[in-house]
Amino acid sequence: MSIIAIVGRPNVGKSTLFNRLVKRREAIVDSVSGVTRDRHYGKSEWNGKEFSVIDTGGYVIGSDDIFEGEIRKQVQLAIDEADIIVFVVDVEQGITPMDAEVAKILRQVEKPLFMAVNKVDNAMRDADAVEFYNLGLGEYYTISSINGSGTGELLDAIVEEIPEPDENEDKQDELPRFAVVGRPNAGKSSFINALIGEDRNIVTNIAGTTRDSIDTKYNRFGFEFNLVDTAGIRKKSKVKEDLEFYSVMRAVRAVEHCDVAVLVIDATRGFEGQDEKIFWLAEKNRKGIVILVNKWDLVEKETNTMRDFEAKIRQTIAPFTDVPIIFISALTKQRIFKAIETAVDVFENRKRRIQTSKLNETMLEIMEHNPPPATKGKFIKIKYCMQLPTHTPQFAFFANLPQYIRDPYKRYVENQLREHYNFNGVPISIYFRQK
C-alpha cells in the first residue's frame, strides 16, 4: 500500500488537508470508538485505490517558531520513507524563505511530487498562485482544504501514481508475516537474534517488500513464517533515533504488510506513548497483536510485579484488552519461543471461521437472555448473525432496529464472542444491520 506524506511549514493547512483526505473513509474504518488516538496517520481510498496518509506536521513538537532544522529533518524523512509527497504552501503568505528551503530539498527528489497551493477560494487568489512557479517544482494544484475545492483534482492526480493492486501478491506469499515492532532500544534486534541465534534455521533472506525492513524466513518446531525486522535498518546518522515521527513511519510500513504485529516494549520504561501509538496502528489495520515485555530480567521483582504490570497495560489499551502479554528476556532467552508460539496462535485466530449455524445457536441465545435495552419504547430484536467472508474476523448481526444499538451493547456482544470463540490478540469488527 502506498504511503503519501504531506509536508510543508507550520500553519499552511496540512492537517486540514489530511483530514479531508482521510475523512472520506474514516466513518467506515473508525467505527471503533477511541481508535483515532493518532491524529496524524490515516487510511484513505480514492477511485478504488487505497493508500495511507501521514501528516508530518503533527510530529513537530513546540511552537510555531520551530527551528528550520526540525522541518528540514521531517521533509528528509518523508522523502526517504513515503512513496508520494504532497508539498503544501499558502497563497495568502506567498513564497516564504522556509518554502524556498523545502523546495530546494524537494527539487532533488525522484519520487512523484505534488505541490498544493492552499487557501485558494476565489479567482483573485487563483491569479496570486502563479508566483509558486518560482519554486521550480513545475505544475501546482490550487485547493482550499477548508471547503474541499480542488482536492478532487489533486487526488485524481495522486492516485494515477499509485500502482494497480497486484492480484497475485497475496497468493505467492502464503507464509504468515510477523513484524517485530516497537520503539528504538526496546530490544527488537536482540529478540530476533535470540530467536535465530545459533541454530541458524534460516531458509532464505528475502529483501523485504517493505524496502526498509529485512525478511527472514524462519523455521522452528514445524512453524514456518517470515520474520520482518524493522530494527536498526539504515540507521541514519543525521536522524536522532528518538524522533517520534521516524519510528512511527517505520512501524506504519511494517504493520501494513504483516499478519501479526509483535510489539516489543522495554520493561524498565513501561508502556509509553510511543508503544501505544504502534498498538493502535496495528489495531486500526486489523492485524493480530502480541505484546512482549522485554528486559524482564532487569526489573526488581516483588510478589505481584508481573500481575500489576500486565494490569496497567490492559488498562491503557482498553477496550481492546483481549491481547496476549508475555514477559521475556531476549538476553537470557527467557520465554522467547513461547512468544513465537503465541504469535502463531494469534495468526490462526485471525483466520478463524465460525459456522453460521453454530454462531446463531450460541449468540442468539445469549442475546435473548440479555437483549439490547429498549429505546423510546421500541424493543430491539436480533434475528440472525453471520461471519462475513473477509480476511479478518467481521460479524454482521441483523436486527429490526439496528440504529438504536449503542456502543456498550456492541462491546458486550464482542466480549461474548471472545468468551465463546478464541479471538485472542485479534481485533473484531461488529456490524448491526437492518433485517
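Residues numbered from 1 in each chain as written. Predicted model: local features only at pLDDT ≥ 70, side-chain atom pairs only at ≥ 80, totals over all residues. Heavy atoms only, no water.

When pLDDT drops low, the exact placement of atoms in the prediction is not to be read closely. In this model, the chain carries a mean pLDDT of 81, and residues with pLDDT of at least 70 account for 81%. With pLDDT under 50 throughout, residues 24-38 is counted as low confidence; its partners more than four residues away or in other chains account for 29 contacts. With pLDDT under 50 throughout, residues 232-242 is counted as low confidence; its partners more than four residues away or in other chains account for 20 contacts. (pLDDT = per-residue confidence, 0-100. Contact = heavy atoms within 4.5 Å.)

Attention now goes to unusual backbone geometry. For the peptide bond that leads from A318 to P319, omega is 5°, which places it in the cis range. Relative to the elements of secondary structure, P319 occurs in the loop between α10 (305-317) and β13 (325-327). The phi torsion at N47 lies on the positive side, around 50°, for a residue other than glycine. (Helix = DSSP H or I, 4+ residues; strand = E, 2+ residues; numbered from the N terminus.)

Close contact between helix α12 (residues 356-369) and helix α13 (residues 407-420) brings their axes to 11 Å; oriented N to C, the two are set at 135°. Taken together, α12 and α13 sit at an angle that is classed as oblique. Our pair here, α12 against α13, has a crossing hand that is right-handed. Facing L359, T362, M363, I366 and M367 of α12, the residues of α13 in contact are Y409, Y412, V413, Q416, L417 and H420. (Axes fitted to C-alpha atoms, helices over the stretch in contact; angles between N-to-C directions. Parallel < 35°, antiparallel > 145°, perpendicular 65-115°, else oblique. Left-handed = near helix turned anticlockwise from the far one by under 90°.)

Bringing the sheet that holds strand β3 (residues 49-55) into the picture now. In spatial order, the strands read β2-β3-β1-β4-β5-β6; together these six strands make up an open sheet with mixed pairing. A strand with exactly one partner marks an edge of an open sheet, and here the two such strands are β2 (41-46) and β6 (141-142). In this structure, strand β1 (residues 2-7) lies alongside β3, joined through five bridges in parallel fashion. Across the sheet, residue A5 finds its bridge partner in β3, namely I54. Packing of helix α3 (residues 97-106) onto the sheet brings it into contact with β1, β4 (84-90) and β5 (113-118), and relative to β4 it is tilted by some 160°. (Pairing = 2+ DSSP bridges.)

Where helix α7 (residues 188-196) contacts helix α11 (residues 336-351), the two axes come as close as 10 Å, and the packing angle between them is 95°. Compared by their axis directions, α7 and α11 come out roughly perpendicular. Residues F191, A194 and L195 of α7 lie in contact with α11, whose contacting residues are I336, F337, A339 and I340. For the contact of α7 with α11, the residue count by class is seven nonpolar, no polar and no charged. (Nonpolar A, V, L, I, M, F, W, Y, C, P; charged D, E, K, R; others polar.)

Turning our eyes to something else, we now look at the nonpolar core. Judged by nonpolar contacts, the single largest core of 58 residues is most densely connected at F87, L106, F279, I291, V293 and I313. When we break this core down by domain, the ones giving at least three residues each are domain 1 (2-161) and domain 2 (177-351). The next biggest cluster of nonpolar side chains, apart from the first, holds 27 residues, and it includes L195, L292, A330 and A343. (Core = buried A, V, L, I, M, F, W, Y, C linked by side-chain atoms within 4.5 Å. Buried < 20%, exposed > 50% of the residue type's maximum accessible area, 1.4 Å probe, protein only. Domains from an automatic or database assignment.)

Time to look at the side chain of T342. Summarising the element assignment, T342 is placed in helix α11. Classification of T342 as buried rests on a relative accessible area of 8%. For T342, the contacting residues outside a window of four places in its chain are V290, P324 and I326.

To continue, consider a negative patch on the surface. There is a patch of like negative charges on the surface, built from E153, D156, E160 and E161. For D156, the position within the fold is in helix α5 (residues 151-160). With relative accessibility at 35%, the residue D156 sits in the partly exposed group. (Patch = residues over 30% accessible without salt bridge, like charges linked within 9 Å, V, L, I, M, F, W, Y side chains within 5 Å. Areas by Shrake-Rupley, 256 points an atom, 1.4 Å probe, with all protein chains shown as cover. Salt bridge = Lys/Arg side-chain N within 4 Å of Asp/Glu carboxyl O. Lys, Arg positive; Asp, Glu negative; His and termini not counted. Charge placed at Lys NZ, Arg CZ, Asp CG, Glu CD.)

Here we come to the sheet that holds strand β14 (residues 382-387). In space, the three strands of this open sheet follow the order β14-β15-β16, with mixed pairing throughout. Bordering the open sheet on either side are β14 and β16 (429-434), each of which pairs with just one other strand. The sheet shows a mean angle of 20° between the axes of neighbouring strands, taken without regard to direction. Direction of pairing for strand β15 (residues 394-399) relative to β16: parallel, over a ladder of six bridges. What sits directly across from A399, in β16, is Q434. Those strands touched by α12 are β14 and β15, and its axis lies near 140° from that of β14. Against the sheet, α13 touches β14, β15 and β16, its axis set at about 120° to β16.

Right, let's get into the packing of aromatic side chains. Enumeration according to the criterion identifies 13 aromatic pairs in this entry. On the numbers, 6.5 Å between centres and 65° between planes, the contact of F178 with F347 is edge-to-face. Linking F178 in strand β7 (residues 177-181) with F347 in helix α11, this pair joins segments that are 169 residues apart in sequence. The class for F178 is buried, based on a relative accessible area of 0%. (Phe/Tyr/Trp six-rings, centres within 6.5 Å; stacked < 30°, edge-to-face > 60°.)

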